[in-house]
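# Tertiary structure, described
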Amino acid sequence: MAESSEGLGTVPEHERILQEIESTDTACVGPTLRSVYDDQPNAHKKFMEKLDACIRNHDKEIEKMCNFHHQGFVDAITELLKVRTDAEKLKVQVTDTNRRFQDAGKEMIVHTEDIIRCRIQQRNITTVVEKLQLCLPVLEMYSKLKEQMSAKRYYSALKTMEQLENVYFPWVSQYRFCQLMIENLPKLREDIKEISMSDLKDFLESIRKHSDKIGETAMKQAQHQKTFSVSLQKQNKMKFGKNMYINHDRIPEERNETVLKHSLEEEDENEEEGDEETFENYYRKQRKKQARLVLQPQSNMGYGFPVNRLFDLLFEIRDQYNETLLKKWAGVFRDIFEEDNYSPIPIVNEEEYKIVISKFPFQDPDLEKQSFPKKFPMSQSVPHIYIQVKEFIYASLKFSESLHRSSTEIDDMLRKSTNLLLTRTLSSCLLNLIRKPHIGLTELVQIIINTTHLEQACKYLEDFITNITNISQETVHTTRLYGLSTFKDARHAAEGEIYTKLNQKIDEFVQLADYDWTMSEPDGRASGYLMDLINFLRSIFQVFTHLPGKVAQTACMSACQHLSTSLMQMLLDSELKQISMGAVQQFNLDVIQCELFASSEPVPGFQGDTLQLAFIDLRQLLDLFMVWDWSTYLADYGQPASKYLRVNPNTALTLLEKMKDTSKKNNIFAQFRKNDRDKQKLIETVVKQLRSLVNGMSQHT
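Residues numbered from 1 in each chain as written. Predicted model: local features only at pLDDT ≥ 70, side-chain atom pairs only at ≥ 80, totals over all residues. Heavy atoms only, no water.

### Some thoughts on the overall build of the chain
Heads up, the condition is: A helix here means a DSSP run of H or I that spans at least four residues, while a strand means a run of E at least two residues long, and both kinds are numbered starting from the N terminus. To sort residues, take the accessible area from a 1.4 Å probe on protein chains only and compare it with the maximum for the residue type: under 20% means buried, over 50% means exposed, and anything in between is partly exposed. Only heavy atoms matter for contacts: two residues are in contact if any of them lie within 4.5 Å across the pair. Residue burial considers only the protein chains on display, and all accessible areas are found by Shrake-Rupley using a 1.4 Å probe.
Of regular secondary structure, the chain possesses 23 helices and two strands. When burial is assessed residue by residue, the chain has 35% of its 701 residues classed as buried. Within the chain, contacts between residues separated by at least 24 positions form 79% of all contacts whose residues are at least 6 apart in sequence. Taken as a whole, the chain presents about 43,300 Å² of accessible surface, with 53% of it coming from carbon and sulfur.

Below is the structure:
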């Protein structure tokens, strides 16, 4: 009993030891096993039996687990064998694909390198084109200089040189050809100086050579015709000039004109070129010598002849001289207008800004505050015109100085001559420019801006005349410069041309309209031609922002009214015989776009829906047909509060008859076949009522 009780007590202990051996690390197994030997003498044998039993149990469990997973293991081996074949095939395919990718990549690399080379070439070509575009104006101006030198237009050549030095050469100064041109300009100036001096000497020599005979003829005329009328005096002076050239044909007429032209050009040039003193001193010295020789009397002569008629002759020559100047400056103005690009003057630095300010009196605090680059509002022709007007005043002054008149009289002469230049010559050139076919809307806008600045500069021209004639600022002049009326007339002409060209452009777009007047359903969107027209109007009205507000608003209103009239005429065209309801709906979509454009305020300054009223006639007419509200129209016709007040009965009748013909042919109301007859009767009834209304109106009229 004692043994059995001990055996029963050791069994749980052995199970605990086995669990501890299974669950603990091998480092802790020693103390656990030692406890088996420390207990009872037979405990070791029992523990071994228990251990064998535990091992057998684990073996059975392992065997069960192996039996359970054996079939899965076999299946996995079978699958692996199958996959092995597919893996070998996949390996071959991957290898082949890799090889093909490598081959394709080599070809792509070649193409990529070609593309890179092409891009580099394209970039180089673009750079070359930009540089050539920068160089072309310089080469063209230099070619123009050569042509002017060949044609003996030395004054124009000097102006071209000035433009090259001040405007064009700074752009391309880094190129060698530019340096060669710069080095060649002083030689060309020296050539012009020598040729001009030679022409001046020839001119003075010819005057000296024939002065005695000219004086002799003048004295004879004065002696025999002391009392004659002004008209007879002018006639005799014309004969005198003619006889002088007939009797002394050693001075060819063309040669004298050429010499005079070159002399005038030299006089104009003296104000700006560095050789002014040389020519002026030489000319005065020679003229003084000739005057002393001419005025020195012979021994058998006494003085005392009246010289009033001689002064009258000088004044008449002055008038002819002014006419010659006006003709010459007309050509100068034409050249300036032809060379202008009609775009604001761009400036990139302070130096260019000062150059423009030195040529033209322009003051704008807002422009001064802006950072570079910036633009002057006027184009290049404005400072050129201003400079040339001053040149004309100088040329007119040179002749007037020798008439021995007071400063006040000379000042009055200059103002009258300048007024003729502004009101006749410049005004005529501006009007001819405005009427040229190639002048577009953008150019006309710039012309209006230019005339505004030229008008503002007239007060500076008056100050300029006052300064060169030494007249006090407090002196009240009876003659003022008429710049205000001159440039105002030019602006009005340009504005009228803007309205005309804008309407012509609208007509060009409207002519592109291609409506299907028999369509059953609308497209659901506005016509392409109309959207293009609206986009054009938006862009052109953005340019108009530089114009005075009234001009831009008038142009916008005129364009909308013209578009509305054109669309109405399209509907009422006699050649259009039939119109379907689908076409009316499509036309309504286009008119909606026109109204949206008008409501977007393309030009600021309109109050409320003023601009939308341009399409009110079309809107009421289309609403009448879209809603088919004939009862309201006929009942309220003639009433001030009528919903369709702007719909003319004749217009409505014309459009309804076109829709009536279409309904008979295409059966518009086919979807309502039960009401088809009633609809047709309704149209016929409305047509009869409209005809009655139209006939009543004609009889009343």
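On we go from here.
### Some remarks on the packing of aromatic side chains
What characterises a pair of aromatic rings is the spacing of the ring centres plus the angle enclosed by the ring planes. Spelled out, the test is: Note on aromatic pairs: the rings of Phe, Tyr and Trp (six-membered ring only in Trp) are paired at centre separations within 6.5 Å, and the planes decide the class, stacked below 30 degrees, edge-to-face beyond 60, tilted for the rest. Charges are assigned to positions over rings by a cutoff of 6 Å between ring centre and Lys NZ or Arg CZ, combined with an angular limit of 35 degrees from the ring normal.
If you walk through the whole model with that rule in mind, you get 21 aromatic pairs. Among the aromatic residues, those joined into a ring-pair cluster are Phe625, Trp628, Trp630, Tyr633, Tyr637 and Tyr644. Cation over ring: Lys328 sits above Tyr155, and NZ or CZ is 5.2 Å from the ring centre.

### Some thoughts on the nonpolar core
Just so we agree on the cut-off: To qualify as a nonpolar core, a set must consist of buried Ala, Val, Leu, Ile, Met, Phe, Trp, Tyr and Cys residues joined through side-chain atoms within 4.5 Å. Residue ranges assigned to each domain were obtained from an automatic or database domain assignment.
If you look at the biggest cluster of nonpolar residues, it comprises 118 residues, and the most contacted ones within it are Leu502, Phe541, Phe544 and Phe587. A total of twelve residues in this core trace back to one element, the largest contributor, which is helix α18 (residues 549-571). Mapped onto the domain boundaries, this core takes at least three residues apiece from domain 1 (317-343 + 379-495) and domain 2 (513-698). Tyr142, Phe169, Cys178 and Leu185 belong to the second-largest nonpolar core, a separate cluster that totals 19 residues.

### Comments concerning the packing of helix α19 (residues 581-599) against helix α20 (residues 616-627)
Rules: The axes used here are C-alpha line fits, helices contributing only the stretch in contact, and every angle between their N-to-C directions lies in the interval 0 to 180 degrees. Note: crossing handedness is left-handed where the near helix turns anticlockwise from the far helix by less than a right angle, and right-handed where it turns clockwise. Here the term charged refers only to Asp, Glu, Lys and Arg, the term nonpolar to Ala, Val, Leu, Ile, Met, Phe, Trp, Tyr, Cys and Pro, and the term polar to all other amino acids, Gly among them.
Where α19 contacts α20, the axes come no closer than 10 Å and their chain directions differ by 145°. The hand of the α19/α20 crossing is left-handed. Between α19 and α20, the contacting residues are Met581, Val584, Gln585, Phe587, Asn588, Val591, Ile592 and Glu595 on the first element and Leu618, Arg619, Leu622, Phe625 and Met626 on the second. Its residues assigned to classes, the contact of α19 with α20 shows nine nonpolar, two polar and two charged.

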